[in-house]
Structure formats: C-alpha cells, structure tokens
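Observations on the three-dimensional arrangement
Here's the letter readout for the chains.
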Amino acid sequence: MAVTLSAATLFPNILGVRRTSTNQFSTRVIPSASPNANVSFCSSRVDFSRRRSDVVAFSAVSGSPDAASLLDSVKVFDLKGNGIPISDLWKDRTAVIAFARHFGCVFCRKRADYLASKKDIMDESGVALVLIGPGSIDQAKSFSEQTKFRGEVYADPSHSSYEALRFVSGITTTFTPKAGLKIIQLYMEGYRQDWKLSFEQDTVSRGGWQQGGIIVAGPGKSNILYIHKDKEAGDDPDIKDILKACCGV
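Note that this is a predicted model, so its numbers are computed, not measured.

**Remarks on the pattern of salt bridges**
Throughout the structure, instances matching the rule amount to 10 salt bridges. A salt bridge links D230 to R111; its shortest N-O distance comes to 3.0 Å. Taken together, the positions of D230 in the loop between β10 (224–229) and α11 (239–247) and R111 in helix α4 (residues 106–116) put the pair 119 residues apart, joining distant regions of the chain. One exposure class covers both D230 and R111, and it is buried. The residue D236 makes a salt bridge to K182 at a minimum N-O spacing of 2.7 Å.

**Quick word on the packing of aromatic side chains**
Under the criterion given, the structure shown has four aromatic pairs. For the ring pair Y162 and F167, a centre distance of 5.7 Å and an interplane angle of 70° mean the geometry is edge-to-face. Three or more aromatic residues link up through ring pairs in this structure, and these residues are F99, Y162 and F167.

**Comments concerning the nonpolar core**
In this structure, V96, L115 and I242 are the most contacted members of the largest nonpolar core, which totals 38 residues. Beyond its immediate stretch of four places on either side in the chain, L115 contacts V96, A98, M122, L129, I214, I239 and I242. Core analysis: the second largest hydrophobic core is formed by 22 residues, L71, A128, V130 and A164 among them.

**Here we look at the pairing of strand β6 (residues 94–99)**
The buried count for β6 comes to six of six residues, which makes it a mostly enclosed element. Burial along β6 is two-sided: T94, V96 and A98 and A95, I97 and F99, pointing in opposite directions, are all buried. Across six bridges, the pairing between β6 and strand β7 (residues 127–133) is parallel. In the strand pairing of β7, A98 is matched with L131. Summarising the sheet, β6 and strand β9 (residues 213–217) pair through five bridges and their orientation is antiparallel. Across the sheet, the residue bridging to F99 is G213, located in β9.

**Some words on the environment of D72**
Mapped onto the elements, D72 comes out in helix α3 (residues 67–72). The class of D72 is partly exposed, set by a relative accessible area of 37%. Through-space distance from the C-alpha of D72 to that of D88 is 8.7 Å; in sequence the pair is 16 residues apart. The residues touching D72, leaving out its near neighbours within four places in the chain, are S87 and K221. At 2.8 Å, the side chain of D72 forms a polar contact with the side chain of S87.

About the cut-offs
Within each chain, residues carry numbers counting from 1 in the order of the written sequence. Selection of residues for local features in this predicted model requires a pLDDT of at least 70, selection of side-chain atom pairs for listing and counting requires 80 or more, and totals for whole chains, interfaces and linings are taken over all residues. Calculated side-chain values reflect all of the structure's heavy atoms, with hydrogen atoms and water omitted. By convention in these notes, a salt bridge is any Lys or Arg side-chain nitrogen within 4 Å of a carboxyl oxygen on Asp or Glu. Each helix is a run of DSSP H or I of at least 4 residues and each strand a run of E of at least 2, with the numbering of both proceeding from the N terminus. For every residue, the accessible area (1.4 Å probe, protein chains only) is compared with the maximum for its type, and the residue is labelled buried under 20%, exposed over 50%, or partly exposed between those bounds. Each aromatic pair joins two rings of Phe, Tyr and Trp (for Trp, the six-membered one) with centres within 6.5 Å, and gets the label stacked for planes under 30 degrees apart, edge-to-face for over 60, and tilted for any other angle. Buried residues of nine kinds, namely Ala, Val, Leu, Ile, Met, Phe, Trp, Tyr and Cys, make up a nonpolar core once their side-chain atoms join them within 4.5 Å. Contacts are residue-level and defined by heavy atoms, with any inter-residue pair within 4.5 Å sufficient. A strand pair is defined by DSSP finding two or more bridges across the two strands. Think of a polar contact as two N or O atoms within 3.5 Å of one another; within protein, one of them needs to be a possible hydrogen donor and the other a possible acceptor, and neighboring residues in sequence only count if both atoms come from side chains.

So, in structure tokens, the structure goes:
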C-alpha cells in the first residue's frame, strides 16, 4: 500500500516557529526523597533505588530549583472553563497525566488510546487518567468529543505547564525519520490528524512544534513518581513503566 504524506500536510504552519533547545531528553524517575538514596546517572535515566511510595521533590528531577514553584503556579482549564492549579490534579490522588503535542495531533490520538487501554488497571488502583493539551478550551472539548477519551481532559492555553516541565519544542524534534515512519503507520491504522484544530490560532501561533510527555504524580503536590519527556514526535514510553509507577504492576 503506497502512502504519500508531505510535510506541509502533516504538520502545522512553519511560520512563527518558537525555537527552544533540543538538548533535552526523556527522563524516567523511580522516586525517593531520602538523602541516603542511592542515586545513579546513566544517559537520560535518573534512578533512585527506593520504594515507589517514597516522594521526590519535582525540582530534584527537573534540574531547576524553581521548577516546583513554577509548576505550582500553573493553571489548566477543564471543559467547563474552570481554572484549576495543575498540582491539584494529583494533590489528593495518584494520576497519570499525558501532555499532548496539540489537540489536533495524530500522535496524541494514538497516545490517548494507548493509555485508555489500561484504564481498567488504573481504576482498580484508584489512579486517575488525565490528558492536558496546549490550546483553548474549545479545542479541548473537540478533542474529547472526537476521541471519546475515557479520562479527564484539560486545556493549557498559555503552555505554562510545558514550559515549567521543560518539554522540548522545535522543528528538529518534529521532523525525524522515526516520527515520519510512525505517522505513516498510524494513518494505515486509521488514525487521522484533525486539520481544523491543527490550523487554529492557538496551535499555529506556536508553530505546532511542541512536544509533550507523561508524568505520574501524587498523592501530594510535590510527589512526582515518574517523568517521560518526549524526545521527538510520537516518542511513547513503555506502558509497563507507566503501570509500574502508578499501580505497582
């Protein structure tokens, strides 16, 4: 089956691109707040060899002493337009939070299904499933209606959560051989980009080059159990790592 997809039709407008450093990488954390924890650094992995229920301050894994306070000041919006401090999403519970590239993104529709396929396991462990996208509340509503996502959906119009978490952004993180092959695969599986959402101002104004990630956090505002930062578009982590962090499975 021959599939021809051009860069112009797969990704939003190149004009007005906001370039940020791409010298960042995926990070996975098995947390511990204990000063006696055995901390080892290997490539992009930070491994605190302690129990999953231990707590690590977010600033300890972000590389910035201001990250925890920056994240605590971030607001996201539910589908009714209510503003919520992002850390309230995991303050009193454990949550798996997926950060989409944008609400029209074909990769993010696959990721939503990828995570929702394990929601029964999460439910059994009392773990919430959340998706946050950089864009408007109306875009979030459209995404929720189109995908029938089984978790909670929130909008981050200011992209402030992405900036606080230092998710990468840039053309070179979007146009990669691996991403190109994966998008062809997704189209063959029946997934489609939503071009209307992709070309709305909230997405185009940022160039559409934002990458996302996944965190597992809570209960407790500073209790970050797991972090994955996408290195490129479509960089999904192993679902087993996520379930181990959130459910101990």
